[in-house]
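Secondary and tertiary structure notes
The chain contents come next:
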Amino acid sequence: QARAGSGTGSGSVTQEEEEALNVRLTGIMAAVLAAVIVAYFWAGKAGQERKQAEEEKARIVKVKADKVVALDLIQAKPADPQSKEISLFKQEGIWRISKPLALRAEKSAVDDLLSSLEAVKRERVIDEAAKDLSAYGLNPAQVTVRYKMEGGGKGGILFGEKSPSGEGIYMV
């Protein structure tokens, strides 16, 4: 039998024992590595799911832009009085303006507007039960957006004044 090591002392092992030990240690290291990889991806997925849930909670308008079939934009103080209210609707996949004039709407402009609306996120809540909305420029709202969904759902959002820091806009 061949012996590994110096051959002196009781701690030496045969080459066969060393190979068996290497196979066992390699197996253990592979199992630990697999566990670490699984834990890494599991933690990453859990973190990603938590982040998505937080982002969904922060979304003001919980709609999919491609499901919106009608949209009204109402400005409190428009630069042009004719543009105080703009109404759009989707007919056979084509966006049309019904107010102030009956026209075909530019698809990219409507898509951009809906994507922006869908992306509006709440940074923080100022007052859950505010009694005087005029303090936030919300009575009347500076801009009111109302929308209707496929299947009959509807909703809206009121945009008020800019915050004193200028970093946000009050919304209800």
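Below you will find a few notes about this structure. (Residues numbered from 1 in each chain as written. Predicted model: local features only at pLDDT ≥ 70, side-chain atom pairs only at ≥ 80, totals over all residues. Heavy atoms only, no water.)

**Details of unusual backbone geometry**
Formally: Each helix corresponds to a stretch of at least 4 residues labelled H or I by DSSP, and each strand to a stretch of at least 2 residues labelled E; elements are numbered beginning at the N terminus.
Pro 100 follows Lys 99 through a cis peptide bond whose omega is 5°. Residue position: Pro 100 is located in the loop between β3 (94-99) and β4 (103-104). With an omega dihedral of 5°, the bond running from Asn 139 to Pro 140 counts as a cis peptide bond. With respect to the helices and strands, the residue Pro 140 is situated in the loop between α2 (107-119) and β5 (143-149). For Glu 92, which is not glycine, the phi torsion reads 55° and is therefore positive. Considering the arrangement of structural elements, one finds Glu 92 in the loop between β2 (85-91) and β3.

**Quick word on the pairing of β3**
In summary, the side chains of a regular strand alternate between the two faces of the sheet. Defined as follows: Here, any two strands with at least 2 DSSP bridges between them count as paired.
Across 5 bridges, β2 lies against β3 in antiparallel orientation. Opposite Phe 89, over in β3, you have Arg 96 as the bridge partner. The hairpin turn running from β2 into β3, its antiparallel successor, is 2 residues long, and Glu 92 in that turn takes a positive phi close to 55°. Inspection of the sheet shows β3 paired to β4 by 2 bridges, in the antiparallel sense. Paired with Ile 97 across the two strands is Leu 103, which belongs to β4. Between the antiparallel neighbours β3 and β4 lie 3 residues.

**Concerning the pattern of salt bridges**
Cut-off, in case you're wondering: Salt bridges are identified by distance alone: a Lys or Arg side-chain nitrogen within 4 Å of an Asp or Glu carboxyl oxygen. Remark: exposure states derive from per-residue accessible area (1.4 Å probe, protein chains only) relative to the maximum for the residue type, with buried under 20%, exposed over 50%, and partly exposed in between.
Overall, the coordinates contain 4 salt bridges when judged by the stated rule. Measuring nitrogen to oxygen at the nearest pair gives 3.8 Å for the salt bridge that ties Glu 85 to Arg 146. Of this pair, Glu 85 sits in strand β2 while Arg 146 is found in strand β5, placing the two residues 61 residues apart along the sequence. On the basis of relative accessible area, Glu 85 is assigned to the partly exposed category, the value being 23%. Taken together, the salt bridges that share partners define one network made up of Asp 72, Glu 85, Lys 99 and Arg 146.

**Let's talk about the sheet that holds β3**
So the rule is basically this: Residue contacts are defined here by distance: any two heavy atoms, one from each residue, within 4.5 Å place the two residues in contact. What counts as an axis is a line fitted to C-alpha atoms, over the stretch in contact for a helix, and the angles between N-to-C directions run from 0 to 180 degrees.
Pairing is antiparallel across the open sheet formed by 7 strands, whose spatial order is β4-β3-β2-β1-β5-β6-β7. If you trace the sheet from one side to the other, it starts and ends with β4 and β7 (169-171), each paired once. Sitting on the sheet, α2 touches β1 (68-75), β2, β3, β5 and β6 (154-162), and the angle it makes with β1 is about 85°.

**Side note on the packing of aromatic side chains**
What counts here: Each aromatic pair joins two rings of Phe, Tyr and Trp (for Trp, the six-membered one) with centres within 6.5 Å, and gets the label stacked for planes under 30 degrees apart, edge-to-face for over 60, and tilted for any other angle.
With the rule as written, the count across this model stands at 1 aromatic pair. Ring geometry for Tyr 136 versus Tyr 170: centroids 4.9 Å apart, planes at 65°, classification edge-to-face. Separated by 34 residues along the polypeptide, Tyr 136 in the loop between α2 and β5 and Tyr 170 in strand β7 bring together distant segments of the chain. Each member of the pair, Tyr 136 together with Tyr 170, is buried.

Fair warning: the whole summary comes from geometry, so function is off the table for now.
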